[in-house]
Amino acid sequence: AAAVAAPVANLLSHMGTSDSGYYVTPFGMGCGPEDDPELYRRLSPVNYCHQVTAATLILQGENDGRCPRGQAEELFSNLIRCTDAEVQLVVYPQSSHAEAESGRPSNRVDYHGRLAEWVDRHANPR
């Protein structure tokens, strides 16, 4: 089983849509995509969806500027297209990047409960 929250699925599209991607991504990568496009491709999880066999839960804040919703949607759509594994995307309304720690209490309860249930159901088959 796998669970991912606020993913960076595609380094190139994240760089262009995140509120910090335009400077954090090239800094972290040690170069811009124009310098080494193969590195950006190789390190983008979305390019490996066809190898996924684990049930995958994706948790995302609707208004996350750090890891925008489109990253979660890109990962989700590629997993649905490329694998037979169970995949679920949950988008929390009016939520930011810090949903798990400081979001609406009802969302935090759902977030942590859903995560625990997912891992329990998929990692501990009975």
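What you are looking at is a predicted structure, and each value in this text was computed from that prediction instead of being measured.

Participant: Can you walk me through helix H6 (residues 105–123) in this structure?
Facilitator: Each α-helix turn comprises 3.6 residues. Residues three or four places apart therefore point the same way. Helix length check: H6, at 19 residues, gives a terminal C-alpha distance of 27 Å against a target of 27 Å (1.5 Å per residue), a fit within 8%. Of the positions making up H6, those classed as buried are Asn107, Tyr111 and Trp118. Taken around the axis of H6, the buried residues stretch over an arc of 45°, which confines them to a single face. The exposed residues of H6 that point more than 90 degrees off its buried face are Pro105 and Val109.

Participant: Can you walk me through the pairing of strand E3 (residues 87–92) in this structure?
Facilitator: A regular strand places its side chains so that they alternate between the two faces of the sheet. As judged from the six bridges shared by strand E2 (residues 56–61) and E3, these two strands associate in the parallel manner. Paired with isoleucine 58 across the two strands is leucine 89, which belongs to E3.

Here is what the cut-offs are and how they apply
Residues numbered from 1 in each chain as written. Predicted model: local features only at pLDDT ≥ 70, side-chain atom pairs only at ≥ 80, totals over all residues. Heavy atoms only, no water. Helix = DSSP H or I, 4+ residues; strand = E, 2+ residues; numbered from the N terminus. Expected span 1.5 Å × (residues − 1). Buried < 20%, exposed > 50% of the residue type's maximum accessible area, 1.4 Å probe, protein only. Arc of directions from axis to C-beta. Pairing = 2+ DSSP bridges.

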